[in-house]
Amino acid sequence: MEGKLVLADGSVFSGTMLGPLHTVGEVVFNTGMTGYQEVLTDPSYCGQIVTMTYPLIGNYGVAASFNQSRQPYVRGFVIGELCSTPSNWRAENSLAEFLKRHRIPCLYGVDTRALTRRIRASGVMMGVLAPARMGHEEALALLSNADVVHLVEKVTTPIVYRLPRTGPRVVVMDFGVKRNILESLARLGCDLTVVPAATTAETILAMEPDGVFLSNGPGDPKEVSYAIETVKKLVGRKPIFGICLGHQILALALGGDTYKLKFGHRGANHPVKDLATGRVFITSQNHGYAVAETSLHGTDLVVTHRAVNDGTVEGLRHRTLPVFSVQYHPEAAPGPHDNMYLFQQFYQLMTKEV
Ligand SMILES: NC(=O)CC[C@H](N)C(=O)O
């Protein structure tokens, strides 16, 4: 069926529609050449319609081992060529089958680079995926009904669960954690207890962890005010490591501020500079918000990493406490594995004699 993406500014991008009839979400672009299945199943994309700038998508099919959570969380997918003849020894199915099974609307045959240029010029905005025959006004009217709040509550674990190992005990605050973060910690031997986002500091401290991990997740960090309050009570009590939304929540808990970027950083090739060594790492990223550097004056936070492309804050550490965070995704999935050492750093903070 012929379909279209209508952006809030009225621009229209045409293509062929696969799956359910319409969906509304914030339209964002990802510049990764691969990793489409990890993107689809990363809970941080909950509430968003994702477009891939790379024009050939689906070439290596899908496999359960690439999933980053139980199900895809994107609201819709907008791509160039949808490959129907995947080739990979691990492929279990085609991307089209995967999208259909999970009822993820996909518009393909789209000039996604033109779409990306539009988003870069105007900033991220809401959009609707709809059949071509839907009237323009009707499509635009759907935008006002978009339900894109309380996203963390939609993706966090409803129950406490454990991944037992013999190493340091880590409580993972699950704001929408990616599987490869849990696996990266478990591989080091960390004994993991994953808790719902709204778990109180008292409950977490009663578990007597050696450290607390703050996960990635969707939406505006200021929306999860209860988690900011929890983290305030944990700082100074336990070593803390935060990634992406966890990094933003940590900054807010320690008196910093966050803001929305014009079009965010999403891809597998974002250069980040470690300010202590001057070394540049290539990182995987997926964020629309960032920590405001000027807000850090007078707090106990020090900027450790900076994005090379736009100079925004990419890493923080506490001046005196074993507390640090990064805005990017060291667990990759998809992306380069260069930043796995950060999990080791957390491990060392938890195990060193004090
Ligand atoms: N990957 C993440 O954790 C994303 C964090 C936050 N939702 C943002 O868009 O900035």
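Residues numbered from 1 in each chain as written. Predicted model: local features only at pLDDT ≥ 70, side-chain atom pairs only at ≥ 80, totals over all residues.

Asker: Account for the pairing of strand 14 (residues 240-243), naming residues and giving values.
Answerer: By the alternation rule, side chains of strand 14 split into Ile240 and Gly242 and Phe241 and Ile243, which are all buried. Pairing of strand 13 (residues 211-214) with strand 14, which is carried by three bridges, proceeds in the parallel orientation. Residue pairing in the sheet places Leu214 in a bridge with Gly242 of strand 14. As a crossover connection, the stretch from strand 13 through helix 8 (residues 225-234) into strand 14 is right-handed. In the sheet, strand 14 pairs with strand 19 (residues 323-326) via four bridges, with the strands oriented parallel. Of the residues in strand 19, the one forming a bridge with Gly242 is Ser325. (Buried ≥ 20, exposed ≤ 12 C-beta atoms within 10 Å, placed from the backbone. Helix = DSSP H or I, 4+ residues; strand = E, 2+ residues; numbered from the N terminus. Pairing = 2+ DSSP bridges. Right-handed = clockwise from strand over helix to strand, strands pointing away.)

Asker: With reference to specific residues and values, describe the environment of Arg165.
Answerer: Within the secondary structure, Arg165 sits in the loop between strand 10 (161-163) and strand 11 (169-174). Residue classification places Arg165 among the partly exposed residues on the basis of 16 C-beta atoms within 10 Å. Taking the C-alpha atoms as reference points, Arg165 and Arg179, separated by 14 residues in sequence, lie 16 Å from one another. Beyond its immediate stretch of four places on either side in the chain, Arg165 contacts Ala186, Gly189, Cys190 and Asp191. (Contact = placed C-beta atoms within 7 Å.)

Asker: Could you give me a rundown of the domain arrangement of the protein chain, with the residues and numbers involved?
Answerer: Splitting the protein chain by domain gives domain 1 (2-146) and domain 2 (152-351). The gap between the C-alpha centroids of domain 1 and domain 2 is 27 Å. At the interface, 22 residues of domain 1 touch 24 residues of domain 2. Per-element accounting of the side of domain 1 that touches domain 2 gives the leading share, three residues, to strand 3 (residues 23-30). Grouping the amino acids of the side of domain 1 that touches domain 2 by side-chain chemistry returns eight nonpolar, 11 polar and three charged. (Domains from an automatic or database assignment. Nonpolar A, V, L, I, M, F, W, Y, C, P; charged D, E, K, R; others polar.)

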